[in-house]
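# Notes for the structure review
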Amino acid sequence: MADTSVKIIGLSALLSTTLLLSACDVRNELKDMHKSTGNMEKNTEKMVEITDRMEKMTGNMGGDVKVMKNETGEVNGSVTEFNGKLDKLQGVIDSMETRVGTGIEEVYDGLRQGDSSSLRRVAFQGVLKARAHEKKLLEAAQYLAGYEFYFWRGFGMDTDIKRRDDLVVGATQQFFKDIYEFYNYKAAVFPFADPDLGESFNREASFNAVAAALHMDNPKQKENIKLMAAKGIKVEELTFLKLIKQGLSLRPDIESGKIKLDDIPLQYKEVLINEDVAVKLLQARWNFLSVAALDKSFHFKQEGAFKYVRSAWNLATTWKLDFSLLNATQIADQNFYLKEAKSAREFLNSIGVQTKPDFLLVAFIKRMKPVGLDKLSEPTLATVQENLAILETLKQ
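Below you will find a few notes about this structure.

With 17 residues, helix α13 (residues 378-394) should cover 24 Å at 1.5 Å per step; its first-to-last C-alpha distance of 25 Å lies within 8% of that length. Considered for burial, the residues of α13 that qualify are T380, V384, N387, L388, I390, L391 and L394. Viewed end-on, α13 has its buried residues packed into an arc of 165°, placing them on one side of the element. Turned more than 90 degrees from where α13 packs its buried face, E378 and P379 sit exposed. Summarising the contacts, the buried residues of α13 are in contact with α9 (275-298), β1 (319-322), α11 (328-350), α12 (359-367) and β2 (368-371).

On to the nonpolar core, then. If you look at the biggest cluster of nonpolar residues, it comprises 82 residues, and the most contacted ones within it are F149, F175, L214, F240, I244, L248 and L391. Take this core: its biggest share by element is 13 residues, from α9. Setting aside chain neighbours within four positions, we find F175 in contact with Y143, L144, Y147, V210, L214, F240, I244 and L281.

Turning to the environment of A292, a few remarks are in order. Tracing the sequence through the fold places A292 in helix α9. Spatially, the C-alpha atom of A292 lies 9.5 Å from that of A212, the residues being 80 residues apart in sequence.

Taken as a whole and assessed by the stated rule, the structure comprises 18 salt bridges. We note a salt bridge from D158 to R153, for which the minimum N-O separation is 4.0 Å. There is no split in this pair, since D158 and R153 are both buried. A salt bridge links E204 to K280; the shortest N-O distance between them is 3.7 Å. Taken together, the residues E204 in helix α4 (residues 199-212) and K280 in helix α9 connect sequence positions 76 residues apart.

Rules used in this analysis
- Residues numbered from 1 in each chain as written.
- Predicted model: local features only at pLDDT ≥ 70, side-chain atom pairs only at ≥ 80, totals over all residues.
- Heavy atoms only, no water.
- Helix = DSSP H or I, 4+ residues; strand = E, 2+ residues; numbered from the N terminus.
- Expected span 1.5 Å × (residues − 1).
- Buried < 20%, exposed > 50% of the residue type's maximum accessible area, 1.4 Å probe, protein only.
- Arc of directions from axis to C-beta.
- Contact = heavy atoms within 4.5 Å.
- Core = buried A, V, L, I, M, F, W, Y, C linked by side-chain atoms within 4.5 Å.
- Salt bridge = Lys/Arg side-chain N within 4 Å of Asp/Glu carboxyl O.

Okay, structure coming up:
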């Protein structure tokens with residue numbers, strides 16, 4: 001019984017302790033729950049606050065979006081307007097480029113005309129003023145190179161190739177008008193004309209110089225022809241020698257009726273209008289170039305004016321054409337003169353024009369004695385032999 005009472009008391013104490021501990025735990029949990037609830041309320045308040053702020057921001061964003069849309073529309077309108085202005089500006093620039101380009105082309109064309117005309121005038125006077133034959137030849141070559149058709153370049157105002165034809169026609173017309181300053185209206189030529197013997201001889205010597213330089217052109221012509229060829233455009237290379245030959249060669253066909261006069265290009269009509277001058281130019285060319293070839297050795301003006309050479313010549317019987325005194329280049333230059341002389345004479349004969357060498361030229365060729373051939377190399381000797389063969393034909 002006592003044991004039972006002790007057990008009951010123990011059990012009651014244990015139960016009381018347990019209930020006490022449980023009550024403490026519940027109290028603690030309640031405290032924690034209250035605390036958590038407080039926290040939740042605070043969090044809830046924060047969430048409400050944040051929500052309010054987000055609603056306000058959303059409202060503001062809506063307004064901003066509207067503003068942005070309006071501003072974007074304004075920007076797009078500005079861009080469109082700006083693009084329109086750019087298009088107009090580009091049109092103005094294109095128009096300016098066209099006007100500027102045209103202006104530059106016109107300025108260049110005017111300067112080219114003025115410069116080429118000035119070059120011809122200066123060189124033409126240089127031909128008259130020069131006393132040495134070599135100087136006259138130089139001035140004559142510069143005069144011929146000054147004609148504007150040599151500078152035709154195929155673009156800008158020169159796009160139409162017909163413009164080059166017009167320049168050639170104009171050049172041919174001016175050329176013959178200029179040559180009348182030297183022309184003495186006589187068919188006979190005098191390749192030994194010495195400028196120091198008087199004005200009439202000076203003009204004859206000037207005529208001879210132009211005749212000898214007829215094959216010369218301007219290097220710009222070759223450059224421009226090459227430029228045109230790269231574009232697939234074929235342009236004929238021209239010299240006054242070629243123009244004169246082409247013009248004169250048409251005469252037989254015109255007279256026979258094979259070619260109508262109206263079908264002839266104007267530059268060739270100009271040659272035939274001045275046929276007497278054109279023929280004399282070629283006659284003077286082959287005679288003077290022959291004398292120039294001999295002058296490589298004889299030096300006709302070495303003793304002064306030609307009148308002294310002529311006086312001395314009356315006493316002479318022979319003269320030595322000493323090739324050992326000439327180098328290979330000088331002999332080659334002599335060969336060029338003689339070939340050109342032969343070509344001009346043969347052309348005149350081919351169109352029915354009689355050719356007669358100057359009597360002094362014949363006398364010099366007949367009385368020359370070639371020497372020094374044994375000192376020449378084989379190639380140079382071959383050139384000398386060709387030169388002598390041509391000289392033999394020129395004395396007849």
